[in-house]
Amino acid sequence: MAFYSIKDLEKISGIKAHTIRIWERRYNLIEPQRTSTNIRYYDDDDLKRILNVSILNQNGYKISKIADMTEEQLRERVIDLCLDTRNTDVQIESLLVAMLEMDESKFTNVLTNSIIKLGFEATVEVILFPFLDRIGILWQAGTINPAQEHFISNLIRQKLIVAIDNEMQNFIPKADKTIVFFLPENELHEIGLLFYSLIARKEGFSVIYLGASVPVEDLKVVFDVRKADAMFTSFVSAGKKEDIEAVMKGIEERVPAVTSFVTGLQVRELKPALPKQFEVITTAKDFKARLNAM
C-alpha cells in the first residue's frame, strides 16, 4: 500500500490541493489518515477515488451529486465515460485506476475501445504516451509500487509486440534501408522504442532491434558487422542532463556520421545539447516524414 501527500494527489489527479481539502471537509469524499507526528497522508483507495471523482467532475457532474454516489455507482459512471474516446483525460485516468487495481480487464477494455475508434498509432500517442508520463510522476513522487508499474508496462509491451508480429507477416521492404533500435545502458523502458520500431517497419524499413541497456561498445560491433543507415534511441529514466549528453557524445565517437534519432521524456524536459548527427523525434508524424526523406 502506497502513501501519498496531498501534493502527490494534486500532481497525479490535476486537482488543486485546496479543492481536495474543501471536498474533504464539505462532502467527506476522502478522509486522510495521520502519522504519529500528526502529518496527513492518503492511500491507494483515496487516490483511486479522487481520480474517479475528477473524471466525473470534469464531465459535468456536480460534486454534491458525486458525493451521494456509492462506490459501485461511481465506478459505473466512470466506465460509461471511458467509452467516449473524445475525452482522452478520462481514458488516461481510467488506465491509472486500472494500474492501481491491477485490473487487466479494465485496462484492456479502455485500450481496445480506443484502438477501435482512433486506430493503434493514435491510441499510443494520445493515450498511452501521456499515461506513461503520468506514471513517471508517480515514480518521482516515490509512491508507485514496482509491481503495479511492471504489470501495466508488460500489458502495453504485449500489445506492441503483437502489432509488430502482425506487421511482419505482410512485411514488404519499400527501400533498402536499415535502422538500429536500442536503449543505452541503464535505460529499461522499451515501450517508446517498440512503438517507433513498429513505425519504421510500417514505412518499409528493415529493423535491427537490440532492446534495453546496450553498452556503446556493443553498438559499434553491430555497425561493424551489419551496415545500417540510421539508429534510434530514447531516454526515459530520470537522470542528469550532463549524463545524457555524455552518452550521446560516446555514441558519436564510436559510430560517427550515422543519422541518429532520439526521443523520450528526459530529452523533452532536460533539452540536452545534441551532437550534429542527432535529431529529436516527438511524434510518429515527425518520424515518418524524416524516414521518407532518407
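Residue positions are given per chain, counted from 1 along the sequence in the order it is written. Totals for whole chains, interfaces and linings use every residue, but because this is a predicted model, local features are given only for residues with pLDDT of at least 70 and side-chain atom pairs only at 80 or more, for both listing and counting. Based on all heavy atoms of the structure, the side-chain values leave hydrogens and waters out of the count.

- As annotated in an unreviewed UniProt entry, the protein carries the name MerR family transcriptional regulator and is attributed to Carboxylicivirga mesophila.

### Some remarks on helix H2 (residues 17-27)
Inference 1: Whether a residue is buried, partly exposed or exposed follows from its accessible area with a 1.4 Å probe, protein chains only, as a fraction of its type maximum: under 20%, in between, or over 50%, in that order. The helix and strand labels rest on DSSP assignments: H or I over at least four residues marks a helix, E over at least two residues marks a strand, and numbering proceeds from the N terminus. Ala-17, Ile-20, Trp-23 and Glu-24 are the residues of H2 that are buried. Taken down its axis, H2 places every buried residue within 120° of arc, on the same side. Exposed residues pointing more than 90 degrees away from the buried face of H2 are listed as His-18, Arg-25 and Arg-26.
Inference 2: Buried positions along H2 lie against helix H1 (6-13), strand S2 (40-41), helix H3 (44-58) and helix H4 (63-67).
Inference 3: One or two residues past the end of H2 sits Asn-28, with phi positive at roughly 55°. Arc definition: it is the arc formed by the directions from the helix axis to the C-beta atoms. The contact rule is simple, with two residues in contact once any of their heavy atoms fall within 4.5 Å.

### Quick notes on the packing of aromatic side chains
Pairs of aromatic rings are described using the distance from one ring centre to the other and the angle between the two planes.
Inference 1: Each pair of aromatic rings taken from Phe, Tyr and Trp, with Trp reduced to its six-membered ring, is defined by centres within 6.5 Å and is described as stacked if the planes are under 30 degrees apart, edge-to-face if over 60, and tilted in the remaining cases. With the rule as written, the count across this model stands at 9 aromatic pairs.
Inference 2: The interplanar angle of 85° and the centroid separation of 5.4 Å between the aromatic rings of Phe-129 and Phe-195 together place this pair among those described as edge-to-face. In this pair, Phe-129 is assigned in helix H8 (residues 120-141) and Phe-195 in helix H10 (residues 191-202), connecting sequence segments 66 residues apart.
Inference 3: On the basis of relative accessibility, which here comes to 19%, the residue Phe-129 falls in the buried class.
Inference 4: Residues Phe-232 and Phe-287 carry aromatic rings whose centres are separated by 5.1 Å and whose planes lie at 70° to one another, so their mutual orientation is edge-to-face. A residue pair is termed long-range when its members are at least 10 positions apart, and Phe-232 in strand S5 (residues 230-234) and Phe-287 in helix H14 (residues 284-292) qualify at 55 residues.

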